[in-house]
Amino acid sequence: MPTLDDFKKLELVVAQIKDVKEHPNADRLYILKIDTGKEEKQLVAGIRLSYPKEELLGKKIIVINNLDPAVIRGEESRGMLLAASGENGPVILTPDRDVPVGSIVK
């Protein structure tokens, strides 16, 4: 069972989606460019069937910012966005009020 100390190791931050591309090798994946307040980085996310690209541009999301990079279907992913499993697919977790990009989630 994870401990509170395990949870504290995760760096959860508010990021903003700056660009969205369809993954060339996967129908369910997008390649996202995000701004974390300190840097821009790339994520691969399995939300393509639930969100049109236009709805994602500019959206503020919650990401795990300090994961080891992973290669997903040939594309590097340097973090993970948080989403819930909804009846009709993933639902992205977003701040309910405007907060600056880079804000720490506690």
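The structure reproduced in this document is the subject of the present report. Keep in mind that this is a model prediction, so the values were computed, not measured.

1. Observations regarding the nonpolar core
- Among the nonpolar cores identified, the biggest contains 16 residues, and Leu32, Ile34, Ile47, Leu56, Ile61, Val63 and Leu81 are the most heavily contacted of them.
- Those elements that place two or more of their residues in this core are strand E1 (12–22), strand E2 (30–35), strand E3 (40–45) and strand E4 (60–64).
- Tallying contributions element by element places E1 first for this core, with four residues.
- Leaving out residues up to four positions away in the same chain, Ile61 has contacts with Val13, Val14, Ala15, Ile17, Ile34, Leu81, Ile92 and Leu93.

2. Considering the layout of surface pockets
- Of the pockets and cavities examined, the largest pocket occupies roughly 230 Å³.
- Every residue lining the largest pocket is counted, 15 residues in all, and those nearest its centre are Val44, Ala45, Gly79, Met80 and Leu81.
- Those elements giving two or more residues to the lining of the largest pocket turn out to be E3, strand E5 (70–72) and strand E7 (80–81).
- Its residues assigned to classes, the lining of the largest pocket shows ten nonpolar, three polar and two charged.

3. Overview of the pairing of E2
- Within E2, five of the six residues are buried, which leaves the element mostly enclosed by the surrounding structure.
- In this structure, E1 lies alongside E2, joined through six bridges in antiparallel fashion. Within the sheet, the bridge partner assigned to Ile17 lies in E2 and is Ile34.
- By the bridge criterion, six bridges tie E2 to E3 in an arrangement that is antiparallel. Paired with Leu32 across the bridge in E3 is Leu43.
- Following E2, the chain reverses through four residues before pairing antiparallel with E3; Gly37 in that reversal takes a positive phi of roughly 95°.

Scoring rules and cut-offs
Residues numbered from 1 in each chain as written. Predicted model: local features only at pLDDT ≥ 70, side-chain atom pairs only at ≥ 80, totals over all residues. Heavy atoms only, no water. Core = buried A, V, L, I, M, F, W, Y, C linked by side-chain atoms within 4.5 Å. Buried < 20%, exposed > 50% of the residue type's maximum accessible area, 1.4 Å probe, protein only. Helix = DSSP H or I, 4+ residues; strand = E, 2+ residues; numbered from the N terminus. Contact = heavy atoms within 4.5 Å. 1 Å grid on protein atoms, 1.4 Å probe; cavity = no way out; pocket = protein on both sides within 12 Å on 5 of 7 lines; lining within 4 Å. Points joined across faces, edges and corners; volume = space filled by probe spheres on them. Nonpolar A, V, L, I, M, F, W, Y, C, P; charged D, E, K, R; others polar. Pairing = 2+ DSSP bridges.

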